[in-house]
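Listed below, chain by chain, are the residues.
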Amino acid sequence: MRIGIAVTQTPELVAKSIKETLSDAGFESFYFKNNSKVTMADLIIVLGGDRGVRNYFHSAVDIDTPVLGISESESNGVLAQIELKELPSYLNRIKKQDYVIEDVPRIGVKIDSKNAYPVLNDVAVFTSKSATLMEYILRINGEEVWHDSSDGVIISTPIGSSAYSMSAGGPVIFQAANVFGIISVNSLDITRRPIIVSDNSIIEIDEISSRLHCDVVLDGIDRLKINGKLEVTRFTPPARIIRMKTDSTSISALANKVKLAEELLAMPPSSKLLLKILEYEGSMTQKELASKTLLPDRTVRLAMKHLMEKGYVKRKVSMQDARQKIYEIANLD
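Residues numbered from 1 in each chain as written. Predicted model: local features only at pLDDT ≥ 70, side-chain atom pairs only at ≥ 80, totals over all residues. Heavy atoms only, no water.

Here we come to the overall build of the chain. Counting its secondary structure elements, the chain contains 8 helices and 20 strands. The buried share of the chain, reckoned over its 333 residues, is 50%. Within the chain, contacts between residues separated by at least 24 positions form 66% of all contacts whose residues are at least 6 apart in sequence. For the chain, the accessible area works out to roughly 16000 Å², and carbon and sulfur atoms hold 51% of it. (Helix = DSSP H or I, 4+ residues; strand = E, 2+ residues; numbered from the N terminus. Buried < 20%, exposed > 50% of the residue type's maximum accessible area, 1.4 Å probe, protein only. Contact = heavy atoms within 4.5 Å. Areas by Shrake-Rupley, 256 points an atom, 1.4 Å probe, with all protein chains shown as cover.)

The next subject is the side chain of His58. Following the sequence through the fold, His58 ends up in helix α2 (residues 49-59). Overall, His58 belongs to the buried group, its relative accessible area being 15%. In terms of polar contacts, His58 uses its side chain to reach the side chain of Asp219, at 2.7 Å. Look past the residues within four positions of His58 in its chain and what remains in contact with it is Tyr117, Pro118, Val119, Asp219 and Ile221. (Polar contact = N/O pair within 3.5 Å; in protein donor to acceptor, adjacent residues only side chain to side chain.)

Taken together, the 6 strands give an open sheet; going across it, the order is β13-β12-β11-β8-β15-β16, and neighbouring strands pair in antiparallel fashion. Both edges of this open sheet fall to β13 (195-198) and β16 (222-226), since each of them pairs with a single strand only. Adjacent strand axes in the sheet meet at a mean angle of 20° when their direction is disregarded. As paired strands, strand β8 (residues 122-127) and strand β15 (residues 214-218) are joined by 5 bridges and run antiparallel to one another. Of the residues in β15, the one forming a bridge with Phe126 is Asp215. (Pairing = 2+ DSSP bridges. Axes fitted to C-alpha atoms, helices over the stretch in contact; angles between N-to-C directions.)

So, about the layout of surface pockets. In this structure, the second largest pocket occupies an estimated 1000 Å³ of space. Contributing to the lining of the second largest pocket are 25 residues, with Phe126, Tyr164, Arg223, Leu273 and Ile277 lying nearest its centre. Taken together, the elements giving at least two residues each to the lining of the second largest pocket come down to β8, α4 (164-167), α6 (269-281) and α7 (286-293). Of all the elements, α6 adds the most residues to the lining of the second largest pocket, at 5 residues. (1 Å grid on protein atoms, 1.4 Å probe; cavity = no way out; pocket = protein on both sides within 12 Å on 5 of 7 lines; lining within 4 Å. Points joined across faces, edges and corners; volume = space filled by probe spheres on them.)

Right, let's talk about the pairing of strand β14 (residues 203-209) for a bit. Taken across its 7 residues, β14 has 5 buried, putting it largely inside the fold. For strand β9 (residues 134-140) and β14, the ladder comprises 5 bridges, and the chain directions are antiparallel. Bridge pairing in β14 places Ile140 opposite Ile203. Judged from the 3 bridges that link them, β14 and strand β17 (residues 230-243) form a sheet pairing that is antiparallel.

Attention now goes to unusual backbone geometry. A cis amide bond links Thr236 to the next residue, Pro237, at an omega of 5°. Examined against the element boundaries, Pro237 turns out to sit in strand β17. Positive phi, normally seen in glycine, also occurs at Asp219, with a value near 50°. For Asp219, the position within the fold is in the loop between β15 and β16. On the accessibility criterion, Asp219 (0% relative accessible area) is buried.

The strand order across the open sheet formed by 3 strands is β18-β20-β19, and the pairing between neighbours is antiparallel. Two strands close off the open sheet at either side, each with one partner strand: β18 (284-285) and β19 (313-317).

Turning our attention to helix α3 (residues 87-95). All of the buried residues in α3 are Leu87, Tyr90, Leu91 and Ile94. Projected down its long axis, α3 carries its buried residues within an arc of 130°, all on one side. On its buried face, α3 is in contact with β1 (2-6), α1 (12-24), β3 (43-47), β4 (67-71) and β5 (82-83). (Arc of directions from axis to C-beta.)

Right, here's the structure in full:
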């Protein structure tokens, strides 16, 4: 069996360790970059948890070869199910091809008639500054559904429904469902509710206007300016993800999130924000958290101390740089 290792997502020392582990087990492996075509590979290893897998598919040229997502630490991921330290224990199953390959839907994105990269979780439209209203018209297959005034709008895949979409009041969608969710964020119309549409639909966010310019946010990562119209469709082909475990489902994800939500009620806002960032972005350093949340360093330190004392977050040494400490959500099972 021949295995590719995505070096763009994988630190050099970790990639070397993975290659040695595979070689000792009798596998042939090679390094490649995300934007190069992979040939004659049975599967591709991508490190970095769910975030790493999402980033890989944003720029991958080879989308036919299935991806095995691996987390550097404890993984409660949907796209990356196993930890790096667990890899040796799965090699025999990999050799026997004792796993399931799941086709995970992707969203095709067109901004003002120009194609952007496809996303796995969600695409959203927001103003360039928070707490600023925007107006837009939602059309499904050319038919106007609503004219809304809100903080923004999110279009989510089933995989993404348990992430940002759920935080905005959207439903959790089973992974096998062939649908997209559309969620208006803090609409002025109190009767506005999320809607579910077939993933064969053509979804348009049109006639977008605000006193500030608006952005399209792709998988919570990149913000691209939009002038008037977003068009969303199902992207072909889907992402091919290797499943080694059968219990990482929307139901288990929802159960964990409900349990955590009940415990979050008494937490300060800074702690809640840090947990949400870690959930969506994966493991991060304290400096990265401060940059991402725009919170003062002292606030981040105090919030982290509180979260670790409560057991919601754990700290460990980064495999990329032993001098750095990274923070991640603890396994709450």
